[in-house]
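Structural overview
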Amino acid sequence: MAAIDYEALVHGGVAGPTGAAGPTGAAGPTGAAGPTGAAGAARATGPAGPGASASAPATATSAGVTGTVAYSAGFIYVCVATNTWVRAALATW
């Protein structure tokens, strides 16, 4: 039987094999949700029934939100910038 070198084992001899890895720990909590974005601008108005739309602007600089669409008996109006309206005449074809 071969002799065991206890001195090498205790004071820096050849290392033995590495053991198997232990189990992974549980996942941490999920972070909080981020803030909700700002609401979008108002969009096209729906029909107000026959006749004039309740939101047709009185002038080209009447209060309005970009993207709003309105109509009257003779025109369709589109707000192209804050408080800036353009209009087009309605006609049959």
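These numbers were taken from a predicted model, which means no experiment stands behind them. (Residues numbered from 1 in each chain as written. Predicted model: local features only at pLDDT ≥ 70, side-chain atom pairs only at ≥ 80, totals over all residues. Heavy atoms only, no water.)

**Looking at the packing of aromatic side chains**
Applying the stated criterion to the full structure yields one aromatic pair. For the pair phenylalanine 75 and tyrosine 77, a centre-to-centre distance of 6.1 Å together with 45° between the ring planes defines the contact as tilted. One residue, arginine 87, lies across the ring of phenylalanine 75, its end atom 3.9 Å from the ring centre. (Phe/Tyr/Trp six-rings, centres within 6.5 Å; stacked < 30°, edge-to-face > 60°. Lys NZ or Arg CZ within 6 Å of the ring centre and 35° of its normal.)

**Some words on the sheet that holds strand S2 (residues 75-81)**
The three strands are arranged S1-S2-S3 in an open sheet whose pairing can be described as antiparallel. The outermost strands of the open sheet, each flanked by one partner alone, are strand S1 (69-71) and strand S3 (84-89). Ignoring which end each strand starts from, the neighbouring axes of this sheet average 25° apart. Two strands pair when backbone bridges link them, and S1 and S2 are joined in this way by three bridges, in the antiparallel orientation. Looking at the pairing, valine 69 lines up with valine 78 of S2. (Pairing = 2+ DSSP bridges. Helix = DSSP H or I, 4+ residues; strand = E, 2+ residues; numbered from the N terminus. Axes fitted to C-alpha atoms, helices over the stretch in contact; angles between N-to-C directions.)

**Quick notes on the side chain of serine 62**
Mapping serine 62 onto the fold places it in the loop between helix H1 (6-10) and S1. You can call serine 62 buried: its relative accessible area is 16%. A polar contact is formed between the side chain of serine 62 and the backbone nitrogen of alanine 58, at a distance of 3.2 Å. Dropping the residues within four chain positions of it, serine 62 is found in contact with Pro57, Asn83, Thr84 and Trp85. (Buried < 20%, exposed > 50% of the residue type's maximum accessible area, 1.4 Å probe, protein only. Polar contact = N/O pair within 3.5 Å; in protein donor to acceptor, adjacent residues only side chain to side chain. Contact = heavy atoms within 4.5 Å.)

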